[in-house]
Amino acid sequence: MKKGEIKKICCIGAGYVGTPTMSIFAYYCPHVDIVVVDINKSRIEAWNSTEPIDFPIFEPGLENIILSCRNKNLFFTTDIEKSISEADMIFISVNTPTKKRGIGAGKASDLKWVEASARQIAEYARGYTIVVEKSTLPVRTAKTIEKILFDSQNKENNKKNKTFSVLSNPEFLAEGSAVDDLQNPDRVLIGGNDEFAIEALSNLYKNWVANEKIIRTNIWSSELSKLTANAFLAQRISSINSISAICEATGADIKQVANAVGLDSRIGQEFLRAGPGFGGSCFQKDILNLIYLCNFYKLYDVANYWEGVIEINNWQKSRIPRIIVNNLFGNISGKKIGILGFAFKANTNDTRESPSINICKDLLEEGANLSIYDPKVEHFKIEEDLGIRKKDLNNNDYYGNYQICKSILDVALGSDALVILTEWEEFSDILWEELILKMRKPAWIFDTRICIDFNRAKEAGFNIWQIGKIQNKNDI
Ligand code: NAD
Ligand code: UDX
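Rules of the game
Residues numbered from 1 in each chain as written. Chains lettered and ligands numbered in written order. Predicted model: local features only at pLDDT ≥ 70, side-chain atom pairs only at ≥ 80, totals over all residues. Heavy atoms only, no water. Salt bridge = Lys/Arg side-chain N within 4 Å of Asp/Glu carboxyl O. Helix = DSSP H or I, 4+ residues; strand = E, 2+ residues; numbered from the N terminus. Buried < 20%, exposed > 50% of the residue type's maximum accessible area, 1.4 Å probe, protein only. 1 Å grid on protein atoms, 1.4 Å probe; cavity = no way out; pocket = protein on both sides within 12 Å on 5 of 7 lines; lining within 4 Å. Points joined across faces, edges and corners; volume = space filled by probe spheres on them. Nonpolar A, V, L, I, M, F, W, Y, C, P; charged D, E, K, R; others polar. Near = heavy atom within 4 Å. Polar contact = N/O pair within 3.5 Å; in protein donor to acceptor, adjacent residues only side chain to side chain. Core = buried A, V, L, I, M, F, W, Y, C linked by side-chain atoms within 4.5 Å. Contact = heavy atoms within 4.5 Å. Axes fitted to C-alpha atoms, helices over the stretch in contact; angles between N-to-C directions. Parallel < 35°, antiparallel > 145°, perpendicular 65-115°, else oblique. Left-handed = near helix turned anticlockwise from the far one by under 90°. Disulfide = S-S within 2.5 Å. Phe/Tyr/Trp six-rings, centres within 6.5 Å; stacked < 30°, edge-to-face > 60°. Pairing = 2+ DSSP bridges. Areas by Shrake-Rupley, 256 points an atom, 1.4 Å probe, with all protein chains shown as cover.

K.L.:
Is there a simple way to think about the pattern of salt bridges in this case?
P.N.:
Where charged atoms from two side chains of opposite charge approach closely, those side chains can pair. For the structure shown, the criterion picks out 20 salt bridges. Here Asp110 ties to Lys112 by a salt bridge, and the two come within 3.6 Å at their closest N and O atoms. In this structure, the salt-bridge partner of Glu384 is Lys381, at a minimum N-O distance of 3.2 Å. Here Lys381 and Glu384 lie together in helix H14 (residues 379–386), a separation of three residues that amounts to about one turn. Through salt bridges with shared partners, a single ionic network connects Lys8, Lys82 and Glu86.

K.L.:
Just checking my understanding: could you explain unusual backbone geometry for this structure?
P.N.:
Excluding glycine, a negative phi dihedral is what most residues carry, and trans is how most peptide bonds are arranged. Residue Pro52 is reached from Glu51 by a cis peptide bond, and omega for that bond is 0°. Inspection of the secondary structure puts Pro52 in the loop between helix H2 (41–47) and helix H3 (62–69). For the bond from Lys441 to Pro442, the omega torsion is -5°, close enough to zero to count as cis. Among the secondary structure elements, Pro442 is positioned in the loop between helix H17 (432–435) and strand E13 (444–447). Phi is positive for Asn71, which is not a glycine, with a value near 65°. One can find Asn71 in the loop between H3 and strand E3 (74–77). Of note, Phe329 is a non-glycine position whose phi angle comes to about 60°, a positive value. Checked against the element boundaries, Phe329 lands in the loop between helix H12 (300–327) and strand E9 (336–340). Classification of Phe329 by relative accessible area gives exposed; the value is 67%.

K.L.:
How should I be thinking about the layout of surface pockets in this particular structure?
P.N.:
In this model, the second largest pocket occupies a volume close to 380 Å³. Considering the residues around the second largest pocket, the lining is formed by 16 residues, among which Leu111, Pro138, Val139, Thr141 and Tyr292 are closest to the centre. Looking at the lining of the second largest pocket, the elements with two or more residues in it are helix H6 (141–154) and helix H11 (283–296). Residues that form the lining of the second largest pocket fall into these classes: nine nonpolar, four polar and three charged.

K.L.:
Would you mind going over the site of ligand 1 with me for this structure?
P.N.:
Every one of the 27 residues lining ligand 1 counts as a neighbour, but Asp38, Arg43, Thr96, Glu175 and Lys285 are closest to it. The backbone of Thr136 places a nitrogen or oxygen atom 3.0 Å from an oxygen atom of ligand 1. Within the side chain of Lys285, an N or O atom sits 2.6 Å from an oxygen atom of ligand 1. A total of three residues in the shell around ligand 1 trace back to one element, the largest contributor, which is helix H5 (residues 112–124). Split into classes, the residues belonging to the shell around ligand 1 amount to nine nonpolar, 11 polar and seven charged.

K.L.:
Even after reading the chapter, I still don't get the nonpolar core, so can you show me in this structure?
P.N.:
Inside soluble globular proteins, nonpolar side chains tend to come together where they are buried. Judged by nonpolar contacts, the single largest core of 60 residues is most densely connected at Ile337, Ile339, Leu370, Ile372, Phe427, Trp432 and Phe462. Among the elements that line this core, the one with the most residues is helix H13 (residues 355–365), at five residues. Setting aside chain neighbours within four positions, we find Phe427 in contact with Leu340, Gly341, Tyr373, Pro375, Ile408, Ile420, Thr422, Trp432, Cys451 and Ile452. Of all hydrophobic cores here, the second largest spans 43 residues; its members include Ala14, Phe55, Ala197 and Tyr205.

K.L.:
Where do I start with the packing of H5 against H6 in this structure?
P.N.:
If you want to describe how two helices pack, look at the angle between their axes and the distance between the axes. The geometry of H5 relative to H6 is characterised by a closest axis approach of 9 Å and an angle of 25° between their N-to-C directions. Comparing the axis directions of H5 and H6 gives the class roughly parallel. Like other packed secondary-structure pairs, H5 and H6 cross with a definite hand, here right-handed. Note on element contacts: H6 touches H5 through Thr141, Ile145, Ile148, Leu149 and Ser152, opposite Val114, Glu115, Ala118, Arg119, Ile121 and Ala122. Among the residues making up the contact of H5 with H6, the classes are represented as seven nonpolar, two polar and two charged.

K.L.:
Where do I start with the state of the cysteines in this structure?
P.N.:
Cysteine pairs can be covalently joined through their sulfur atoms, and such a bond is termed a disulfide. For the structure shown, the criterion picks out zero disulfides. This cysteine, Cys282, is not joined by any disulfide, and Cys11 carries the nearest cysteine sulfur, 15 Å off.

K.L.:
When you look at the packing of aromatic side chains in this model, what are you seeing that I'm missing?
P.N.:
How two aromatic rings sit relative to each other is set out by the distance from centre to centre and by the angle between their planes. Scanning the entire structure with this criterion turns up 18 aromatic pairs. Seen in terms of ring centroids, Phe25 and Trp208 are 5.3 Å apart; in terms of plane orientation they differ by 80°. Their pairing is edge-to-face. Of this pair, Phe25 sits in helix H1 (residues 18–28) while Trp208 is found in the loop between helix H8 (195–205) and strand E8 (214–217), placing the two residues 183 residues apart along the sequence. Its relative accessible area of 1% is what places Phe25 among the buried residues. Owing to a relative accessible area of 16%, Trp208 belongs among the buried residues under this scheme.

K.L.:
Got a minute to help me understand the environment of Phe76 in this structure?
P.N.:
Position of Phe76 relative to the elements: it lies in strand E3. Separated by 32 residues in the primary sequence, Phe76 and Ile44 have C-alpha atoms spaced 5.9 Å apart. Beyond its immediate sequence surroundings of up to four residues, Phe76 is in contact with Thr19, Val36, Ile44, Trp47, Asn48, Ile66 and Arg70.

K.L.:
Sorry if this is basic, but what is going on with the sheet that holds strand E14 (residues 463–466) here?
P.N.:
Sheet strands pair via backbone hydrogen bonds, and the direction of the pair is either parallel or antiparallel. The six strands are arranged E11-E10-E9-E12-E13-E14 in an open sheet whose pairing can be described as parallel. Each having just a single partner strand, strand E11 (402–404) and E14 make up the two edges of the open sheet. The sheet shows a mean angle of 20° between the axes of neighbouring strands, direction not considered.

K.L.:
Looking at this model, I keep getting lost on the side chain of Lys285. Mind explaining?
P.N.:
If you trace the backbone, Lys285 turns up in helix H11. For Lys285, a relative accessible area of 10% translates into the label buried. Not counting chain neighbours up to four residues away, the residues in contact with Lys285 comprise Thr96, Pro97, Thr98, Lys107, Ser109 and Thr136.

K.L.:
When you look at the site of ligand 2 in this model, what are you seeing that I'm missing?
P.N.:
Near ligand 2, the surroundings consist of 19 residues, among which Phe172, Leu173, Lys226, Lys345 and Arg449 are the closest. Here Gly279 contributes a backbone N or O atom positioned 2.9 Å from an oxygen atom of ligand 2. Contacts to ligand 2 include Phe344, whose backbone N or O atom sits 2.8 Å from an oxygen atom. Computed on the free molecule, ligand 2 has an accessible area of 650 Å², of which 94% lies beneath the protein chains in the complex. Examining the composition of the shell around ligand 2, we find that four residues originate from one element, helix H9 (residues 219–250), more than from any other. Looking at the shell around ligand 2 residue by residue, the class counts come to 11 nonpolar, two polar and six charged.

Structure, rendered in structure tokens:
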């Protein structure tokens with residue numbers, strides 16, 4: 001490899017981060033061949049699908065980018081050995097969920113997939129290879145990766161003459177806006193101390209990102225910055241959600257408060273939307289990881305501080321079913337409740353840690369019959385997340401039942417209430433005057449995203465509860 005020149009990239013992990021990131025690299029670096037590998041055969045088959053195209057992840061704008069590069073300089077394969085052995089640079093973009101069992105269960109990240117990737121690289125790489133941490137990792141994980149790689153480098157029988165450099169290059173994209181986030185990042189962060197490797201990676205980014213936006217730090221700062229950025233963003237959501245409850249109690253309006261507060265340029269307008277609690281695969285996991293780290297270093301007060309962000313989030317998720325039950329005369333057993341939106345936010349089919357999961361489970365626990373609609377989430381995913389086999393429910397008097405619907409109209413038929421849990425665009429222009437005709441009266445809307453046409457719904461005759469708003473103007 002010539003100085004700073006990368007010809008072949010391999011990315012381990014074809015998920016929500018690996019595929020969009022590598023697609024953008026392929027799009028802006030036509031001179032580089034990029035191979036995305038995964039152990040999940042059906043995921044790779046789906047990324048290779050043609051007629052019909054059936055990509056496993058919905059992300060606005062991604063399909064066109066992939067189709068313009070696929071099988072030219074962007075490839076999807078399960079042939080991990082070959083892809084690693086040919087690569088000059090390897091991104092590790094595998095999942096790092098919270099550990100379910102053992103030491104650190106419920107807090108620490110499970111690094112078994114990262115370790116497996118490092119071992120695969122150690123075994124198959126040839127010559128000089130730059131290894132880039134793309135996954136979000138606990139601080140000092142690079143040490144573990146280096147240890148695995150350098151042990152193989154130092155083996156006496158290192159016939160393939162392998163040497164490695166390890167960099168941290170965390171990804172800041174958000175789902176639903178990943179393509180735009182990748183094309184116009186606020187910053188690109190590269191942590192490491194090998195100047196040659198840092199230059200090689202920044203040269204790739206420079207094909208579409210201005211040099212001033214490419215920040216270089218030491219590797220531990222880079223790893224910690226990623227956890228910190230997510231912790232700060234989640235903290236803002238818990239802050240605004242805590243204020244939403246005060247608004248409901250006092251007659252203040254959360255939209256007005258968020259706007260007034262956000263106009264202070266030191267605070268800013270972003271991430272001040274009250275809602276049903278943050279979801280997604282990152283925020284909770286990364287804060288838990290930070291808490292684990294704090295406890296490890298005996299920083300118990302700092303750990304407690306961040307625990308609070310998660311506690312408020314859990315509280316926000318749990319108070320919504322209670323509000324629904326209270327408004328429906330204290331009883332929802334046997335009542336039909338429509339759920340609009342199951343994804344953790346709009347413009348994604350991802351349901352990981354979606355607040356909809358807990359809210360639906362609580363409503364089922366109260367005996368409600370749910371009809372659920374989401375424009376992008378696959379039906380099997382909802383069934384997997386709710387984890388309740390419909391056939392078992394018939395024998396259980398205390399549990400509600402659920403069905404998955406193909407339209408908003410199906411959800412509304414015979415319902416007592418509609419609960420909006422994801423801010424999908426199509427929910428903002430529902431013809432409420434038509435929908436109410438299909439529902440039982442009094443008909444309710446519980447809008448946890450403040451995304452409906454309030455006046456239209458009010459005129460149609462609905463009772464409406466919205467998060468962070470006073471419900472009865474006479475109470476003010
Ligand atoms: P994901 O589960 O969608 O994808 C990970 C993929 O890695 C899976 O398809 C899995 O099969 C594959 N994999 C696991 N071990 C492998 C191995 N040894 N060899 C080959 N493939 C393997 O996860 P994701 O959402 O893409 O997240 C990946 C990482 O990026 C996580 O650390 C996450 O915290 C971080 N991150 C995620 C987001 C996001 O919005 N999802 C944003 C920024 C950072
Ligand atoms: C997040 C970070 O934004 C991103 O930088 C990081 O790389 C990965 O984690 P993501 O989880 O995909 O991205 O989506 P995000 O837009 O951050 O939303 C997370 C959750 O917070 C969603 O449930 C969303 O509905 C909620 N949210 C977001 C709010 O409730 N209010 C807001 O103002 C913003």
